[in-house]
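# Examination of the molecular architecture
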Amino acid sequence: MRRLLDTLPRYYAFRLGITTCLGIGIAFTAFYGTYFWMGVLIVLFLLSAWWQLSLYRSHTRRLQLMIESLENNDPSFVFSENSGDRETRRVNRALNRAGKVLQRVKTETAQQEKYYELILNSIGTGVVVLNQHGYVYQKNNEALRLLGLEVFTHVKQLNHIDSVLCDKITACQTGDKLQVSFNNERETMDLTIHVSGIIVRQEPLRILAFNDINRELDDKELESWVRLIRVLTHEIMNSVTPIASISETLLSTETADLSELRRGLKTISTTGRGLLAFVESYRRFTHIPKPEPGLFYVKLFAERMIELARHQYPCPNIAFHIHVHPADLILFADENLISQVVINLLKNAIQAIGTQEDGCITIEAYCNEEEEVMIVVRNNGPSIPAEVAEHIFIPFFTTKEGGSGIGLSISRQIMRLSGGSITLLTGKETRFVLKFR
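Residues numbered from 1 in each chain as written. Predicted model: local features only at pLDDT ≥ 70, side-chain atom pairs only at ≥ 80, totals over all residues. Heavy atoms only, no water.

### Digging into helix 8 (residues 298–312)
Heads up, the condition is: Each helix is a run of DSSP H or I of at least 4 residues and each strand a run of E of at least 2, with the numbering of both proceeding from the N terminus. Residue count minus one, scaled by 1.5 Å, sets the expected span of a helix. The classification of residues rests on relative accessible area computed with a 1.4 Å probe and restricted to protein chains. Under 20% of the type maximum is buried, over 50% is exposed, and intermediate values are partly exposed. Note: the arc covers the axis-to-C-beta directions of the helix.
Between its first and last C-alpha, helix 8 extends 21 Å over 15 residues, near the 21 Å set by a 1.5 Å rise per residue. Buried residues of helix 8: Val 298, Phe 301, Ala 302, Met 305, Ile 306 and Ala 309, and no others. Axial view of helix 8: buried residues confined to an arc of 135 degrees, hence all on one face.

### Focus: the nonpolar core
To keep it simple, the criterion reads: Nonpolar core, defined: a set of buried Ala, Val, Leu, Ile, Met, Phe, Trp, Tyr and Cys residues in which side-chain atoms within 4.5 Å join the residues together. Contacts between residues were defined by any pair of non-hydrogen atoms, one from each residue, lying within 4.5 Å.
If you look at the biggest cluster of nonpolar residues, it comprises 45 residues, and the most contacted ones within it are Leu 434 and Phe 436. Here this core takes 10 residues from helix 9 (residues 335–353), the largest share from any one element. Leave out the neighbours within four places in its chain, and Phe 436 touches Leu 331, Ala 333, Ile 338, Glu 372, Val 373, Ile 375, Met 415 and Gly 420. Counting 25 residues, the second largest nonpolar core, distinct from the first, contains Val 136, Leu 147, Leu 158 and Ile 169.

### Some points on the side chain of Arg 206
Condition: Only four residue types enter the charge count, namely Lys and Arg as positive and Asp and Glu as negative; His and the chain termini do not. When a carboxyl oxygen of Asp or Glu is within 4 Å of a side-chain nitrogen of Lys or Arg, the pair counts as a salt bridge. Polar contacts, as counted here, are pairs of nitrogen or oxygen atoms within 3.5 Å of one another; within protein the pair requires one atom able to donate a hydrogen and one able to accept it, and residues that are adjacent in sequence qualify only if both atoms are side-chain atoms.
Mapped onto the elements, Arg 206 comes out in strand 5 (residues 203–212). Despite its burial, Arg 206 pairs with no opposite charge, the nearest such side chain being Asp 176 at 7.5 Å. A distance of 3.2 Å separates the side chain of Arg 206 from the backbone oxygen of Ile 169, its partner in a polar contact. Those residues in contact with Arg 206, other than ones at most four positions away along the chain, are Val 128, Val 129, Leu 130, Asn 131, Ile 169, Thr 170, Cys 172, Val 195 and Ser 196.

### Quick notes on the confidence of the model for the chain
For the record, the criterion: Note: pLDDT gives the predictor's confidence per residue, expressed from 0 to 100.
Scored by pLDDT, the chain comes out at a mean of 77, with 65% of its residues at no less than 70. Overall, residues 1–8 carries pLDDT values under 50, and its contacts beyond four positions in sequence, including any with other chains, amount to 11 contacts.

### Regarding the packing of aromatic side chains
We describe a pair of aromatic rings using the distance from one ring centre to the other and the angle between the two ring planes. As a reminder, the rule being used: Aromatic pairs are defined between Phe, Tyr and Trp rings, using the six-membered ring for Trp, whenever the two ring centres lie within 6.5 Å; interplanar angles under 30 degrees are classed as stacked, those over 60 as edge-to-face, and all others as tilted.
Tallying each qualifying case throughout the model produces 1 aromatic pair. Residues Phe 296 and Phe 301 carry aromatic rings whose centres are separated by 5.3 Å and whose planes lie at 50 degrees to one another, so their mutual orientation is tilted. Here Phe 296 and Phe 301 have matching classes, each one buried.

### Points about the sheet that holds strand 4 (residues 188–200)
Filter applied, for reference: If DSSP finds at least two bridges between two strands, the strands pair. Lines fitted to C-alpha atoms define the axes here, with helix axes fitted over just the stretch in contact, and angles between the N-to-C directions of these axes take values from 0 to 180 degrees.
Across the sheet, which stays open at both edges, the 5 strands sit in the order 2-1-5-4-3 with antiparallel pairing between neighbours. Among the strands making up the open sheet, the edge pair consists of strand 2 (136–139) and strand 3 (177–183). Taking each pair of neighbouring strands and ignoring which way they run, the sheet shows an average axis angle of 25 degrees. Bridge analysis of strand 1 (residues 126–131) against strand 5 gives 6 bridges, and the strand direction is antiparallel. In the strand pairing of strand 5, Val 127 is matched with Ala 209. Running over the sheet, helix 5 (residues 163–171) touches strand 1, strand 3, strand 4 and strand 5 and is turned about 160 degrees from strand 3.

### Thoughts on the packing of helix 8 against helix 9
Note the following rule: For classification purposes, an angle smaller than 35 degrees is called roughly parallel, one larger than 145 roughly antiparallel, one from 65 to 115 roughly perpendicular, and anything else oblique. In a left-handed crossing the near helix is turned counterclockwise from the far helix by less than a right angle, and in a right-handed crossing that turn is clockwise. Gly is placed with the polar residues, together with every amino acid not listed as nonpolar (Ala, Val, Leu, Ile, Met, Phe, Trp, Tyr, Cys and Pro) or charged (Asp, Glu, Lys and Arg).
For the pair helix 8 and helix 9, the least separation of the axes is 10 Å and the interaxial angle reads 50 degrees. In terms of orientation, helix 8 lies oblique with respect to helix 9. Judged by the twist between their axes, the crossing of helix 8 over helix 9 is right-handed. For the pair formed by helix 8 and helix 9, the contact residues are Phe 301, Arg 304, Met 305, Ile 306, Leu 308, Ala 309 and Gln 312 on the first element and Glu 335, Ile 338, Ser 339, Val 342, Ile 343, Leu 346 and Ile 350 on the second. Classifying every residue of the contact of helix 8 with helix 9 gives 10 nonpolar, 2 polar and 2 charged.

Right, here's the structure in full:
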C-alpha cells in the first residue's frame, strides 16, 4: 500500500508537468503572435489533458473495483501486470499487492471474531452487549437460555417475558448490580446482573453479565451438606460401632441372673444397629461413584425400570405407560446411576398414589429443540403442596414416616454428576423432569 501511494504521486506529477509546460508554451506563443505554433500547442495541450483525465479515470476505476471486491468478499480480482506502459504495470502490481494485504487482514479479522464468539458461547455466564438505544450488539447462548429467548435483537423484546425486567435492563448504568426474578416459558429464574461499560468506535456500550442465583446457591448448599455429613458419619460411626460390638458380646453370655441387664443391653444393641443403619443411609449420599457413561436405548431402559418397580412394590391398581419419541432414542449416561434415580421416582410415585383407584404412572422420553434428552416421570396421585415442593431436594427433608429424606437429594446429585438436572413440575399431575445435556 505504501509503494502504491509513493508511485501514484510521481506518476501523475510527470504527466501534470507535461500539461503545465504546454500551457506555458501556449501563453508565450500567444504573447509573441506565433499563432501557428500556438495552435499546435493547443492541440497538444488538449491531447495531454485528455490523456491525463483518461489515466485518472482508469486508475480510479481500478481502485473502485478493488474496494467493491473487498466489500463483497470477492478475492478473485486481479489487474494485468503485463499490459500497458511501464507506469501502469507498476500501479497494477501495487494494487494487486494492496488487495491481497487487505483481503488477508479482513479474513484474519473474521476468523478472530469467530474465535471470540466461540469463547463467549463456551462460558457459563450470560453476556449481552447493548448500545445506548437498547439494540443488542452481541449475546451468547447462555444469555438466550437464561432469558428464555431464541432471538434477541432489542431490549424491548423482554416486555414479552416481564415488563419489570425490561425496565430494569433499559435503565441500568455502568457499575450497577441488579437482582431480578421472572418467569420464562420453562421455569422461574432468579438472576444477578453486573453492568460494565466500554466505548467502541466512539460509541458507549453496556456489557451485562447474567448469572443464575439458584444454581449457585444449590451448588453451595450441596457442598455444605456434604461436608456436614462427612463429619457426622465419622464421629457417629466411631461412637456407635463399639456399642454394638460390646452389646452383642454381652448378649451371647447365658446368665439367668442378668435378665435385667440383658434387656437393657438388648435395647442398646437395637438402638446401636438403628443408628448404624441411619448413618449408613446418609453415607451413601456422600459416596456416589463417578459416572461411567455409555450408550443405551431409553425405551428398553424404561421397560426394565417399570418391571423392576412392579416387582419391588406390587401395585395392581396402577397402570404404567411408556412414550418414547423416537422409539430408538439413545442416551449417553451411566445406566446404573440413572436407574437409581428412575427407580426412586417410580417408588415415590407408587407411594403417592397408594390405594387410589385408576392410578397411572407414565415415563415419557424425547429430544428437545436443543438436542437434549428429556425423561419425564409423571403420576396422577395427590399433588405435592407448594410448601413441601420447595424443600424436597434438601438432604434429610422428608414427610414420610420412617423416611430417610435422601432419595431425591441423591437423585439430584447423580444428575449433576451426569451433567444434567432434575426438576419438579406440579399441577394436575406431579412431574419430575430429567434433562441430559
